[in-house]
Structures are given as structure tokens and as C-alpha cells.
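Structure at a glance
Residue strings, one per chain:
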Amino acid sequence: MKKFTAALFSLVFFLASQPSVWACSACFGKSDSAMARSLNASIFTLMGVVGVVLSGAASFFVFLSKRAAAVAAAEKSGDSPSQPEV
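Values in this document were obtained by computation on a predicted structure and should not be read as measured data. (Residues numbered from 1 in each chain as written. Predicted model: local features only at pLDDT ≥ 70, side-chain atom pairs only at ≥ 80, totals over all residues. Heavy atoms only, no water.)

On to the overall build of the protein. When helices and strands are tallied, the protein shows three helices and zero strands. Listed by position from the N terminus, the elements making up the protein come as α-α-α. A burial count over the protein gives 5% of its 86 residues as buried. (Helix = DSSP H or I, 4+ residues; strand = E, 2+ residues; numbered from the N terminus. Buried < 20%, exposed > 50% of the residue type's maximum accessible area, 1.4 Å probe, protein only.)

Of all residues in the protein, 73% have pLDDT values of 70 or greater, and the mean over the chain is 82. For the protein, helix α2 (residues 25-28) is the element with the lowest average pLDDT, namely 60, and helix α3 (residues 34-77) is the one with the highest, namely 92. (pLDDT = per-residue confidence, 0-100.)

Over its 44 residues, α3 runs 64 Å from end to end, which matches the ideal 64 Å to within 8%, given 1.5 Å per residue. A positive backbone phi angle near 95° is found at G78, which sits one or two residues after α3. (Expected span 1.5 Å × (residues − 1).)

In this section: a nonpolar patch on the surface. A cluster of nonpolar side chains, M1, F4, L8, L11, V12, F14 and L15, forms an exposed patch at the surface whose accessible area comes to about 790 Å². When you line up the elements, L11 lands in helix α1 (residues 2-16). (Patch = residues over 30% accessible without salt bridge, like charges linked within 9 Å, V, L, I, M, F, W, Y side chains within 5 Å. Areas by Shrake-Rupley, 256 points an atom, 1.4 Å probe, with all protein chains shown as cover. Salt bridge = Lys/Arg side-chain N within 4 Å of Asp/Glu carboxyl O.)

Here you go:
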């Protein structure tokens, strides 16, 4: 019964609210407002961060595959693979 009451209250609250609060200014039609510009800037910033992280992960796996290929080639030729000094 509590879930039904909470759902009914939420539905009544949603239907009674003003239409202007249903969407942000970017979705409601004011695409030149400061809120819309900041929303677009934040989206592009987050896309940039995700792109940098994915590029870093991809380059790490490329590095690992090249390193594994070099070790396999060294083992095939009978040479010992060069190990970095610590």
C-alpha cells in the first residue's frame, strides 16, 4: 500500500506542477540562454574526458601487444629479450 501511495503522490505532484519546470531551458526552447550554453559546455567537457581515458586505455593495449610481439620475436630468434634496468 505504501508503494501505491507514493506512486499516486508522485503522479499527482507531476501533473500539478507547472509545464515550465518539466524541462531545462535547453529543452524548453531557450537555446541561447546561459544555462543551455553551460549545459553544452559540460557535455563536451565530459565527452573530452571520456575520449582521453579511452585513448589512454587503447594506447596501453597497443603498447602491450607490441611488447608481446617483440618478446615472441626475440624468443623465436634465440635472443634473450631486453629487460629494462631497475
